[in-house]
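# Structural characterization, general
Residue strings, one per chain:
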Amino acid sequence: MTDAAATGSGATGGRVRYVPGQPDMWAFVLFEALIFSSYFIVYMIRRGSDPDLFLASQERLSPAFGVSNTLVLLLSSWLMARCVQASREKKYDVALGQVILVAICGLLFAGLKLFEWSREMGEGLRFSTNEFFSFYYFLTAIHLLHVLIGFVALGVAVYQLRSPLSRSQEIVETCATYWHMVDFLWVIIFALLYVMR
Amino acid sequence: MSVSLEQGIPFRPSGPFGRIAWHWRHDRKAELWMSWYAMVFFYNLFGVVFVGLTHVMPPPQPYWDDAEVAQWFRHYHSGLLVGFGIIFLISGLVAACNALIAYSMRRMSVSRAFAYSYIAIYSLSATPGMLLTAIVLSVGAMRPERDPRLIHWLYDMAFMCFVGTMGVFLIGTLVWLIAILIDRNKVFPKWFGYLNICNMITEFVVAPAWIFKAGVFSWNGTIAFWIDTAVFVVYTIAFIVLLRKMIEREDFGDGPLPGNGASLFLAPGLQEGSDQ
C-alpha cells in the first residue's frame, strides 16, 4: 500500500492509502504467483523423488551467473521504484532516465541468461539431459518470456512519461508492478535452482 | 396485451412461451443471446465428449507400445465414434463463439482489424486443435483390426494435434489481449486483458510435449497438461461470464459501455431484459 497526500474524501489523518497502479494488474500478479507456485510445487515433489540426481545436476550450474542475474534484476527493481517516485514528484525526465536504465538491466539479464544457456549446452547439458535440466530450462525460459513481455511494459512506461497530454501515473505504476513481479519470480527460481541443497 | 407507449413495443408477457416469442420478435439482443447460449452449449458438450465419451481428456499415456494403443482404441471404440460424431455435428458452433468475441472487439474503440484477425485465426485453429484430432481418432477407431503400428501412428498424430498445436491460438489470444488493453469503451475489465497473458503463456508451456514421452512435460503431464488446462478453464469461464455481462450492458452505441464491467457479478439495474 502507498501513502499519498489526501485530496478528497476517504482521507485518514491527512493521508490516503491506495494500491499502486491498476488493481487489475495486482489480480494478474496473484494469478501468476499461483501458476508459478504450482510449477514450484511440482519441482519440489520431483526433486524429493530423486534428490541425488537433482543435487548432482545442480552442481553443474554456475552460481556466478545465478548471482549476477539476481543482482541485475534487483538493481532493475530498485531503479524502477526510483522511477515511480520521480514520476510522482513530476520529475519526468529523471523518471525516463530510470526506465532506460531498467531496460538496460533487462537486456543485460537476457544476455547473461542466453550466454549461460549456450555455455551449458556446449557442455552437453540439454533440455532432455535429465529431469533437473528439464526444469532448469523450462523455469528459466518461462521467466525469460516474462522479461520479454516486461520490455513491452517498459515501452508503455516510456510512452507515458514522454506524453505530457496523456500521462498517467497509474499506468506507470502498473508497469512497475509487472516489472517487480518479474524480479520477485526470479528470486524464487534462483533460490530453487541454484541455492537450495 | 397492453402496449408500451414510449417505444411502441408490447410489454413482455409472463408465460414462458410468451416470453420466448416476445424476445424473438422484440429483443434487440436476441442474436447476441443466441450466440452466447450457443457458446455455452458448445463448451459444455465439448467437455462431455472429450472427457466423458472419447476419454481424450485427460490424454492417455504417450509412452504406450503398439499393443497398448490398439487396446485403448478397442476399449473406447463406441465412445470415440459416437463422441466425435457429436463433435462433427456441433463443430460449426465455433462460428457463434468467434462471432461473439469478434463482436466484443467491434464494440471496442479499436480498429476493426482486430475482430477480423481474431475470426481468421480462430477459424483456422479449430482445424488442428479439434477437428483433425476428431477425424484421426475416428479413423483409428473405425477399423480396430488395422496394423497396430498404423494405429499407433494415428494415436501420436491425434494427440500431438490436440495438445501440441497451440501456437495458432497464441496469436488469437494476443489480438484479444491488445484490443482489451487499448480499448477506451470499457467493454472488458483490464484484469481480463492481463489474464490473456496467462493463457498465451500456456501455449509455450505445452511445447515440451513434442520432446517427452513421460513425466511432467509430456502430453498428459502435470505441467504440460494439467496446469495448462486449469489455466484454460479459468480463462474460459471468465470470458463466458464477461461476454454475458457485455450483452447485458450493451446499449448499441459507440461510446463507453454503461455499467461496471470489472465485476464478475451482475451490476444492479442491468439484469437481463431490464433495458427494454
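Cut-offs used in this document
- Residues numbered from 1 in each chain as written.
- Chains lettered and ligands numbered in written order.
- Predicted model: local features only at pLDDT ≥ 70, side-chain atom pairs only at ≥ 80, totals over all residues.
- Heavy atoms only, no water.
- pLDDT = per-residue confidence, 0-100.
- Contact = heavy atoms within 4.5 Å.
- Core = buried A, V, L, I, M, F, W, Y, C linked by side-chain atoms within 4.5 Å.
- Buried < 20%, exposed > 50% of the residue type's maximum accessible area, 1.4 Å probe, protein only.
- Helix = DSSP H or I, 4+ residues; strand = E, 2+ residues; numbered from the N terminus.
- Buried area = accessible area lost by both parts, 1.4 Å probe.
- Salt bridge = Lys/Arg side-chain N within 4 Å of Asp/Glu carboxyl O.
- Polar contact = N/O pair within 3.5 Å; in protein donor to acceptor, adjacent residues only side chain to side chain.
- Nonpolar A, V, L, I, M, F, W, Y, C, P; charged D, E, K, R; others polar.
- Phe/Tyr/Trp six-rings, centres within 6.5 Å; stacked < 30°, edge-to-face > 60°.
- Patch = residues over 30% accessible without salt bridge, like charges linked within 9 Å, V, L, I, M, F, W, Y side chains within 5 Å.
- Areas by Shrake-Rupley, 256 points an atom, 1.4 Å probe, with all protein chains shown as cover.

## A look at the confidence of the model for chain A
- Residues with a pLDDT of 70 or more make up 92% of chain A, whose mean pLDDT is 91.
- In the model, residues 5-12 of chain A has pLDDT below 50 throughout and makes 9 contacts with residues more than four positions away in sequence or in other chains.

## With respect to the nonpolar core
- Phe50, Met105, Trp176, Phe192 and Ile223 of chain B are the most contacted members of the largest nonpolar core, which has 143 residues in total.
- Of the residues forming this core, the biggest block, 17 residues, is contributed by helix 5 (residues 131-162) of chain A.
- Apart from the residues lying within four places of it in its own chain, the contact partners of Phe192 of chain B are Trp176, Ile180, Tyr235, Ala238, Phe239 and Leu242 of chain B.

## Considerations on the environment of Ala179 of chain B
All names here are of chain B.
- Along the chain, Ala179 turns up in helix 8 (residues 167-182).
- Owing to a relative accessible area of 0%, Ala179 belongs among the buried residues under this scheme.
- C-alpha separation for the pair Ala179 and Arg106, spaced 73 residues apart in sequence, amounts to 9.7 Å.
- Not counting residues up to four positions away in its chain, the partners in contact with Ala179 are Met105, Met108, Val110 and Phe114.

## Looking at the interface of chain B and chain A
- Chain B puts 21 residues into the contact, and the matching count from chain A is 22 residues.
- For the pair chain B and chain A, the summed buried area comes to about 1,900 Å², and 87% of that belongs to carbon and sulfur atoms.
- Per-residue buried area on chain B facing chain A is highest for Tyr194, Ile201 and Phe217 of chain B; these three make up 27% of the total on that side.
- On inspection of chain B and its partner chain A, the count reaches 0 salt bridges.
- The interface formed by chain B and chain A includes 3 residue pairs in polar contact (both at pLDDT 80 or more).
- Elements represented by at least two residues in the side of chain B that touches chain A include exactly helix 9 (190-205) and helix 10 (222-249) of chain B.
- Residue contributions to the side of chain B that touches chain A peak at 10 residues, all from helix 9 of chain B.
- Tallied by class, residues from the side of chain B that touches chain A come to 19 nonpolar, 1 polar and 1 charged.

## Side note on the packing of aromatic side chains
Residues and elements named next belong to chain A.
- Inspection of the entire model under this criterion finds 56 aromatic pairs over all chains.
- Measuring from ring centre to ring centre gives 5.2 Å for Tyr39 and Phe138, while their planes differ by 80 degrees; the resulting arrangement is edge-to-face. Remark: Phe138 occurs in helix 5 and Tyr39 occurs in helix 1 (residues 23-49); sequence separation between them is 99 residues.
- A relative accessible area of 2% places Tyr39 in the buried class.

## Quick look at a nonpolar patch on the surface
Residue and element names in this part refer to chain A.
- A contiguous nonpolar surface patch, about 320 Å² in accessible area, is contributed by Val67, Leu71, Leu74 and Val187.
- Looking at the nonpolar patch element by element, the count peaks at 3 residues for helix 3 (residues 63-88).
- Along the chain, Val187 turns up in helix 6 (residues 169-195).

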